[in-house]
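Letter by letter, the chains look like this.
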Amino acid sequence: MSEAFALDLPRPTGGCADAPVLRERGQREVFCGLTGIVWLHRKMQDAFFLVVGSRTCAHLIQSAAGVMIFAEPRFATAIMEEKDLAGLTDTNDELDRVVDRLLARRPDIKLLFLVGSCPSEVIKLDLSRAAGRLSEKHSPNVRVLNYSGSGIETTFTQGEDACLAALVPQMAAAPANAEPSLLIVGALPDVVEDQFRRLFAAMGIARVEALPARKISDLPSVGPNTRFLVAQPFLGDTARALEDRGAVRLDALFPFGAEGTTDWLHAAAQAFGVDEMLFRSVVAPGRERAARALEKVRPALEGKSIFFFPDSQLEVPLARFLSRELGMVPLEVGTPYLHRTHLARELPLLPSSTRLSEGQDVDRQLDRCRAARPDLSVCGLGLANPLEMEGLTTKWSIELVFSPVHGFDQAADLAELFARPLNRRDRLSDAIV
Ligand code: SF4
């Protein structure tokens, strides 16, 4: 971001750019990548997610997504019963029959994902071969792709990364002389994507596309003239796949809060040669709206300490936003995977007193959290109740992925998600007094 246009925030002093990272490789307490289906199916309107898994997987999907009622749901689980290797041919035949029945009944499906899981009988199945076979059979009406949402390989946001990475080979090759295009990477709610599109249009950036596209027929092409902005910090494999196709990633903060959103938009403005004055005039109203709205939430958060358990990979940018724009004090920022390249601009903006941890050893981390007694702990559902029982206030990290939180107009909503549990705690203690 240009100095003249920087927000009135403390200048970075190196922050956590070179800070040591505590690497933990013990027991994890996180959801698996199947969870991503809950927000991916909302975004991709003609896609269907068929989990090839066990009854446990079916329960997870039903309970994670069960609050939503659809006339025609766009996800299901094909439950694989235990079989020995000799039974695999039958299993493949059975899978083909399930897919045939589904597609015959649902002509609206244009893209079918076979989503792998971790039960041993599923691991034995070659889902990529099954996807190729079924794609051929149902082409050109339906494309069949596969990715893994297995809890052995993925934490819950990595399911989206695996899904989007599976889409990249489906993108047509843009010719070398194609008009430069901007690609927004990450499943943003439509309303947020549309806000960003309006801002880019006002800057004069003509070709803006998104991965994932809302319909498979709108899947953009990709090539050396594609510049892409990653909207989520957990899309490392997708970014690598796009770079392998010649696209260039634009380095920026993630678009959380006024500062992050300004920097993210500015990276595109610079790449597309947008005049600096025009850029400022386009973003100023949204940036000021966000700053004003954040001021209202600030008193609830300022000076409060926060401890992040590793869960969504959003932890580093969120800690940056909460400390710089709301005055919170991040004590520990844990993340399942610390992607140094994608976080290169984020890490220097964290207070240098913050402890960074990567991976998880849940008991040791719980001990550190108990010793630190933070005002707020951000963690998965499984840890929240025990911590609340011990008098610690918690925020479920999964809500941060389900709610619209990117961009100027969502900045205060994002801050509110952290203020709410603290307000609730204060109200409860007032009631007890
Ligand atoms: Fe559980 Fe694995 Fe199924 Fe996820 S994929 S619900 S971790 S069995």
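These remarks concern the structure in this document. Just so it is clear, the model here is predicted, and its values are computed rather than measured. (Residues numbered from 1 in each chain as written. Predicted model: local features only at pLDDT ≥ 70, side-chain atom pairs only at ≥ 80, totals over all residues. Heavy atoms only, no water.)

1. A closer look at the overall build of the protein chain
The helix and strand inventory of the protein chain stands at 15 helices and 14 strands. Taking 433 residues into account, the globule formula puts the C-alpha radius of gyration at 22 Å, and the protein chain, at 22 Å, falls close to it. Seen along its three principal axes, the alpha-carbon backbone of the protein chain occupies a region of about 60 × 55 × 40 Å. Sorting the 433 residues of the protein chain into buried and exposed places 57% on the buried side. Put simply, of all contacts in the protein chain between residues at least 6 apart along the chain, 76% involve residues at least 24 apart. Taking the 49 positively charged and 57 negatively charged side chains of the protein chain as two groups, their mean positions are separated by 2 Å. (Helix = DSSP H or I, 4+ residues; strand = E, 2+ residues; numbered from the N terminus. Rg over C-alpha atoms; globule rule 2.2 N^0.38 Å. Buried < 20%, exposed > 50% of the residue type's maximum accessible area, 1.4 Å probe, protein only. Contact = heavy atoms within 4.5 Å. Lys, Arg positive; Asp, Glu negative; His and termini not counted. Charge placed at Lys NZ, Arg CZ, Asp CG, Glu CD.)

2. Section: the site of the ligand
Taken together, C32, L34, T56, C57, S117, C118 and G151 make up the full set of residues near the ligand. In terms of residue class, the shell around the ligand is made up of 4 nonpolar, 3 polar and no charged. (Near = heavy atom within 4 Å. Nonpolar A, V, L, I, M, F, W, Y, C, P; charged D, E, K, R; others polar.)

3. Section: the nonpolar core
F49, F113, F200 and F418 are the most contacted members of the largest nonpolar core, which totals 104 residues. Of all the elements, helix α15 (residues 411-432) adds the most residues to this core, at 8 residues. If near-sequence neighbours (up to four positions away) are discounted, F113 is found in contact with M44, A47, F48, F49, L50, L145, Y147, C163 and L167. Residues L102, I109, L127 and V144 belong to the second largest nonpolar core, which totals 21 residues. (Core = buried A, V, L, I, M, F, W, Y, C linked by side-chain atoms within 4.5 Å.)

4. Regarding the side chain of E325
Relative to the assigned elements, E325 resides in helix α11 (residues 315-326). This buried residue, E325, is left without a salt bridge; R320 holds the nearest opposite charge, at 4.2 Å. A distance of 3.0 Å separates the side chain of E325 from the backbone nitrogen of A258, its partner in a polar contact. (Salt bridge = Lys/Arg side-chain N within 4 Å of Asp/Glu carboxyl O. Polar contact = N/O pair within 3.5 Å; in protein donor to acceptor, adjacent residues only side chain to side chain.)

5. Remarks on the packing of aromatic side chains
Per the stated rule, a full pass over the model turns up 8 aromatic pairs. Ring geometry for F307 and F309: centres 5.2 Å apart, planes at 50°, overall tilted. Across this residue pair, the class does not change: F307 and F309 are buried. Among the aromatic side chains, those forming a connected cluster through ring pairs are F31, W39, F156 and F402. (Phe/Tyr/Trp six-rings, centres within 6.5 Å; stacked < 30°, edge-to-face > 60°.)

6. Concerning the side chain of K304
Here K304 lies in the loop between α10 (276-301) and β10 (305-308). Of the buried charged residues, K304 lacks a salt bridge, with D426 as the closest side chain of opposite charge at 5.5 Å. The residues contacting K304, other than those within four sequence positions of it, are G327, M328, V329, D375, L422 and R425.

7. Quick look at the sheet that holds strand β9 (residues 248-249)
An order of β7-β6-β8-β9 is seen for the 4 strands of this open sheet, with the pairing classed as parallel. Both edges of this open sheet fall to β7 (208-211) and β9, since each of them pairs with a single strand only. Two elements, strand β8 (residues 226-230) and β9, share 2 bridges in a ladder whose sense is parallel. Counted as the bridge partner of F228 is R249 from β9. Across the face of the sheet, helix α7 (residues 190-203) comes into contact with β6 (181-185), β7 and β8 while running at roughly 155° to β7. (Pairing = 2+ DSSP bridges. Axes fitted to C-alpha atoms, helices over the stretch in contact; angles between N-to-C directions.)

8. Section: the packing of α7 against helix α9 (residues 257-271)
Remark: α7 packs on α9, axes separated minimally by 11 Å, with the N-to-C direction vectors making an angle of 45°. Here α7 lies oblique to α9, going by the angle between them. Here α7 and α9 pass one another in a crossing that is right-handed. Along the contact surface, α7 presents F196, L199, F200 and M203, while α9 presents T261, W264, L265, A268 and A269. For the contact of α7 with α9, a count of residues per class yields 8 nonpolar, 1 polar and no charged. (Parallel < 35°, antiparallel > 145°, perpendicular 65-115°, else oblique. Left-handed = near helix turned anticlockwise from the far one by under 90°.)

9. Details of the sheet that holds strand β12 (residues 355-360)
Strand order across the open sheet formed by 6 strands is β1-β12-β11-β10-β13-β14, with parallel pairing between neighbours. On the outer flanks of this sheet lie β1 (21-25) and β14 (394-396), each paired with one strand and no other. Here the strands of the sheet are splayed against their neighbours by 20° on average, with no regard to which way each runs. Bridge count for β10 against strand β11 (residues 329-335) is 4 bridges, and the pairing is parallel.

10. Some points on the pattern of salt bridges
Inspection of the entire model under this criterion finds 33 salt bridges. Between R364 and D361 there is a salt bridge whose closest N-O contact spans 4.0 Å. A relative accessible area of 45% places R364 in the partly exposed class. Two residues, K395 and E399, come together in a salt bridge whose shortest N-O distance is 2.8 Å.

11. With respect to helix α5 (residues 127-138)
Compared with the 16 Å implied by 1.5 Å per residue over 12 residues, the 16 Å span of α5 between its first and last C-alpha is a close match. Among all positions in α5, only L127, A130, A131, L134, S135 and H138 are buried. All buried residues of α5 lie within an arc of 130° about the axis, which places them on one face of the element. Residues R129 and E136 are exposed on α5 and point more than 90 degrees away from its buried face. One side-chain oxygen of the residue at the start of α5 lies 3.3 Å from the amide nitrogen of S128, identifying that residue as D126. (Expected span 1.5 Å × (residues − 1). Arc of directions from axis to C-beta.)

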